[in-house]
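Structural characterization, general
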Amino acid sequence: MNRSHDPQDDAALRALYVQAQDTITPATTTRLHRARHAASQATTPARRGWGMPLATGFAAVCALAIGARMLMPASDAPTATPVLAAAESAAHIDEGVDEALAGYDESPDFYRWLAANESTLLAVE
């Protein structure tokens, strides 16, 4: 969000900041300064977690799995005969479906059933 820079707003905010600074007691200012200085000087020890060992272990397991897969003997490719048989049976199924759909085209009961279920379908949507 870019907003246009208004110098009057900037001056008003600076004046408000100076006024707020004048209301803080010197003891509070000293305490805040010491706390800020202590926080900037404190160093936190490096946290040793399980991240790197887990990542290394996972990479090793993946490498072993890939290596084991590469060493396995290649399986024989399936022959084309079952594929051709499946295609022929699918062609027979398609012929049966066409015959069944032709019966619905001639049946007025089918269209009554569709009309009755249309209100149910609209209610579901």
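On a predicted model such as this, the values are computed, not experimentally measured, just so you know. (Residues numbered from 1 in each chain as written. Predicted model: local features only at pLDDT ≥ 70, side-chain atom pairs only at ≥ 80, totals over all residues. Heavy atoms only, no water.)

Thoughts on the overall build of the protein chain
For the record, the criterion: The secondary structure listing takes helices from DSSP runs of H or I that are at least 4 residues long and strands from runs of E that are at least 2 residues long, numbered from the N terminus. Note on exposure labels: buried denotes an accessible area under 20% of the residue type's maximum, exposed denotes more than 50%, and partly exposed covers the range between, all computed with a 1.4 Å probe on protein chains only.
A tally of regular secondary structure across the protein chain gives 5 helices and 0 strands. In sequence order, the secondary structure elements of the protein chain are arranged as α-α-α-α-α. For the protein chain, buried positions account for 0% of its 125 residues.

Structural notes on the pattern of salt bridges
Side chains that carry opposite charge are capable of pairing whenever their charged atoms lie near each other. Stated precisely, the cut-off is as follows: Any carboxyl oxygen of Asp or Glu within 4 Å of a side-chain nitrogen of Lys or Arg constitutes a salt bridge here.
Under the defined criterion, the tally for this structure stands at 1 salt bridge. One salt bridge connects Asp10 with Arg14, and the closest N-O pair in it is separated by 3.4 Å. With a gap of 4 residues between them, Asp10 and Arg14 both fall in helix H1 (residues 7–23), about one helical turn apart. On the basis of relative accessibility, which here comes to 56%, the residue Arg14 falls in the exposed class.

Quick look at the UniProt feature "transmembrane region" (unreviewed entry) in the protein chain
The following threshold applies: UniProt positions are given in the numbering used here, feature names are shortened, and annotations may be inferred rather than shown by experiment.
Per the UniProt record, the feature "transmembrane region" (unreviewed entry) sits at residues 50–68. Along residues 50–68 one finds 95% helix and 0% strand; the C-alpha atoms at either end are 27 Å apart.

Side note on H1
This is how it is decided: Helix span, expected: 1.5 Å multiplied by one less than the number of residues in the helix.
End to end, H1 covers 25 Å across 17 residues, agreeing with the expected 24 Å (1.5 Å per residue, within 8%). With 0 of 17 residues buried, H1 lies mostly on the surface of the structure.

Observations concerning helix H2 (residues 26–41)
Between its first and last C-alpha atoms H2 spans 22 Å; for 16 residues at 1.5 Å apiece the expected length is 22 Å, and the two agree. Judged by how many residues are buried, H2 sits mostly at the surface: 0 of 16 residues are covered.

Focus on a nonpolar patch on the surface
Inclusion rule: Patch construction takes residues with relative accessible area above 30% that form no salt bridge. Like charges are linked within 9 Å, and nonpolar side chains (Val, Leu, Ile, Met, Phe, Trp, Tyr) are linked within 5 Å. All accessible-area figures derive from a Shrake-Rupley calculation using a 1.4 Å probe, and residue coverage is judged against the displayed protein chains alone.
A surface patch of nonpolar side chains, amounting to about 330 Å² of accessible area, comprises Tyr111, Trp113 and Leu114. You can see Trp113 is positioned in helix H5 (residues 108–124).

Observations concerning the confidence of the model for the protein chain
Applicable threshold: pLDDT runs from 0 to 100 and stands for how confident the predictor is about each residue.
Model confidence for the protein chain is summarised by a mean pLDDT of 78, while 70% of its residues fall at 70 or above. No element of the protein chain has a lower mean pLDDT than helix H4 (residues 80–105), which averages 67, and none a higher one than helix H3 (residues 51–71), which averages 93.

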